[in-house]
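# Results of the structural survey
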Amino acid sequence: MIILLTPTLYQVKPFPPTEDVDFSFSYTGGDQAVRNNLVIYRLTDNKKVYDQTIDSFSLKHKLPTNTLVSGVAYKCQLRVGNINNQFSQFSNWVFFWVLENPVITIDNIDYANYNRVYNQTVTFSATYTHSNDEKLQSFRYILYDNNKSLISSFSEGFSDGAYPLTQEITGLTNEVDYYIEVRTISQNQQEYSTGLIKFTPFYITPKLTSAITVENLSIEGAVKVHANIIQIIAKLYDNFGNEIVRNNVQYVDDDKIDLNRLDYGKLVIDEGFKIENDDFVLKLWCENIPDDKVFLTLYSNFGKIELIKYNDKIHAFSHVYNVRHPAHFVSNELVVLPNQQFMIYMKSQYQLLDLKILLT
C-alpha cells in the first residue's frame, strides 16, 4: 500500500527577486519523497506564475533568481512525490512578498575622511528608504570592537522609517576602530542588515583642570560637578590653500606642529572659538617663534588681533575695522633660549588685553 502524507510548508520571509530562495518544508512518515512540486500564484488575480517539479531528497525547493516580480504578493503550495511519480496532497498555503532590499545609510560617519566620527559620545543617525515603499517596523543598532566581536546590542527601536533612526553610543575610545551595524524588520517581516560598517572616533581629549567646579547639595546628600568644555578644532593648510588631511600632518614629539616648515602655510581655528565674545583666555605653548613677524592672527566680524614677538616681548595689535590705528598691548620681558618652550597667556576683557610670557 502506498502512503504519501501531506507535507507542511514553512513560512517565507520577503526576499528580492535577484536572490534564489529555498522554500523549506517538513515531511515525515509514508513513502520516501524523492521529488517535490512547488506551485506559486500571484495573489491579486490568482494567476499561476510558477509550477515546477525538482528531483531531490532534500526538504526544500530552490526558486531560481528573477522568477518573480518585485513589489508583488504571492501565495504558494507544495507537494511531494515518490519513486513511482505519485504525489501527495498539496500542503498548506503560504503567503509572501517579493521586495527589493531597503537602502540604509548612516549619515553622520565622515566616509570621505577615513570613516571618522568626532566625539566619544555619538548619536548615530540612519535613513531608511525602500523602492517598493515598504514601511519599516523596527530597527536595532549593534556595536562591535575592532576584531568584530560583539560589544553591545542596543534596545529595539520602532519606526515606520519616515524619520531618521537614531541611537546614542557613549564611551568610544579615541582613534580606536569600531564596527556598527543596523538591522531592520519591515511591516511585512522583511529582515535586512547594513553589514558591519567600520568607523573610528577622532577627537581631542579634554584636559579637565580648573574647568571643573563643585557644588555641595547638602539637602540631597550629594555633590554636583559642573564642567564647561569647548572642543576647539584646528585645520592645517598648505601654501595653496588646500587643507592637509589630519592623518598626513607630521608632529614634532607627537604633540607639536612646526609652522616654520615651507610646506605648511597656516593653521586655522574656525570651530568652537570666537574672539568677538571678547571675554576669553588664550594659552599658547610655543618655541622658536621668529622675531618681527606676525605668528598668530585672531579674526572676528569686528576686527582682528595680531601677535608679534620682538625685543623679548609679545606684542598684540588689536585692529577694529573702520578705526585707523590699532590698540597696542605688550607683555612682560622674558629671554627665551632657542628650542626652549614657553607659554603665551592672553586674557581679553572689555576690549583690553592682558599679556604674559611664562616658561613652561
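This text follows the structure it describes.
Attention here is on the structure that accompanies the text. None of the values given here were measured: they were computed from a predicted structure.

Procedures and definitions
- Residues numbered from 1 in each chain as written.
- Predicted model: local features only at pLDDT ≥ 70, side-chain atom pairs only at ≥ 80, totals over all residues.
- Heavy atoms only, no water.
- Helix = DSSP H or I, 4+ residues; strand = E, 2+ residues; numbered from the N terminus.
- Buried < 20%, exposed > 50% of the residue type's maximum accessible area, 1.4 Å probe, protein only.
- Lys, Arg positive; Asp, Glu negative; His and termini not counted.
- Salt bridge = Lys/Arg side-chain N within 4 Å of Asp/Glu carboxyl O.
- Polar contact = N/O pair within 3.5 Å; in protein donor to acceptor, adjacent residues only side chain to side chain.
- Contact = heavy atoms within 4.5 Å.
- Phe/Tyr/Trp six-rings, centres within 6.5 Å; stacked < 30°, edge-to-face > 60°.
- Lys NZ or Arg CZ within 6 Å of the ring centre and 35° of its normal.
- Pairing = 2+ DSSP bridges.
- Axes fitted to C-alpha atoms, helices over the stretch in contact; angles between N-to-C directions.
- Core = buried A, V, L, I, M, F, W, Y, C linked by side-chain atoms within 4.5 Å.
- Patch = residues over 30% accessible without salt bridge, like charges linked within 9 Å, V, L, I, M, F, W, Y side chains within 5 Å.
- Areas by Shrake-Rupley, 256 points an atom, 1.4 Å probe, with all protein chains shown as cover.

Take Lys75: it is sitting in strand β6 (residues 72-81). For the buried residue Lys75, which engages in no salt bridge, the nearest side chain bearing the opposite charge is Asp45, 9.3 Å off. Engagement of the side chain of Lys75 in a polar contact is seen with the side chain of Asn46, the distance being 2.9 Å. For Lys75, the contacting residues outside a window of four places in its chain are Val39, Ile40, Tyr41, Leu43, Asn46, Trp93, Val94, Phe95 and Phe96.

Now for unusual backbone geometry. For residues that are not glycine, phi is negative in most cases, and the peptide bond is trans in most cases. One non-glycine residue, Tyr114, adopts positive backbone phi at about 65 degrees. Considering the arrangement of structural elements, one finds Tyr114 in the loop between β8 (103-106) and β9 (116-117). Unusually for a residue other than glycine, Asn311 sits at a positive phi of about 55 degrees. Structurally, the position occupied by Asn311 is in the loop between β24 (303-310) and β25 (313-320). According to the relative accessible area criterion, Asn311 is exposed, its value standing at 59%.

Another aspect to go through is the packing of aromatic side chains. For the coordinates displayed, the defined rule picks out eight aromatic pairs. With a centroid separation of 5.6 Å and an interplanar angle of 20 degrees, the aromatic rings of Tyr178 and Phe199 are classed as stacked. Residue Tyr178 is located in strand β15 (residues 178-186), and its partner Phe199 is located in strand β17 (residues 197-201); the two are separated by 21 residues in the primary sequence. A single burial state applies to Tyr178 and to Phe199, both of which are buried. Members of the aromatic cluster, joined through ring pairs, are Phe15, Phe23, Tyr74 and Phe96. Seen from the ring of Phe87, Arg79 lies directly overhead, with NZ or CZ sitting 4.5 Å from the centre. Directly above the ring of Tyr179 sits Lys148, whose terminal nitrogen or CZ lies 5.3 Å from the centroid.

Take the sheet that holds strand β28 (residues 352-359) next. Strand order in this open sheet of three strands is β22-β27-β28, and the pairing throughout is antiparallel. One side of each edge strand has no neighbouring strand; the edge strands of this open sheet are β22 (280-286) and β28. Looking at each pair of strands side by side, their axes are set apart by 15 degrees on average, direction ignored.

Counting 22 residues, the largest nonpolar core has Phe15, Phe23, Ile40, Leu68, Cys76 and Phe96 as the members making the most contacts within it. Looking at this core, the elements that each hand over two or more residues are β2 (21-26), β3 (35-42), β6 and β7 (94-98). If you tally residues by element for this core, the top one is β6, at five residues. Apart from the residues within four sequence positions on either side, Phe23 is in contact with Leu9, Val12, Phe15, Leu38, Ile40, Leu59, Lys60, His61, Leu63, Cys76 and Phe96. If you look at the next biggest cluster of nonpolar residues, it comprises 21 residues, including Val122, Phe124, Leu143 and Ile169.

Once that is clear, we can look at a nonpolar patch on the surface. Judged by side-chain polarity, Leu43, Trp93 and Phe95 come together as a nonpolar surface patch covering roughly 290 Å² of accessible area. Assignment of secondary structure puts Leu43 in the loop between β3 and β4 (48-55). With relative accessibility at 38%, the residue Leu43 sits in the partly exposed group.

Looking now at the sheet that holds β8. Taken in spatial order, the three strands make up an open sheet running β8-β10-β14, and their pairing is antiparallel. Two strands bound the open sheet, and with one partner strand each, they are β8 and β14 (165-169). Looking at each pair of strands side by side, their axes are set apart by 20 degrees on average, direction ignored. Sheet topology places β8 next to strand β10 (residues 122-129); four bridges connect them, and they run antiparallel. Its bridge partner lying in β10, Ile104 is registered against Tyr128.

Right, let's talk about the pattern of salt bridges for a bit. Counted by the stated rule, this structure contains 13 salt bridges. Between Lys304 and Glu306 there is a salt bridge whose closest N-O contact spans 3.4 Å. Taking the relative accessible area as the measure of exposure, Glu306 reaches 16% and is therefore buried. Lys356 is paired through a salt bridge with Asp354; the nearest N and O atoms lie 3.1 Å apart. Exposure remark for Lys356: the relative accessible area of 36% places this residue in the partly exposed category. Given a relative accessible area of 33%, Asp354 falls into the partly exposed group. Connected through shared salt-bridge partners, Asp22, Lys60 and Lys62 make up one network.

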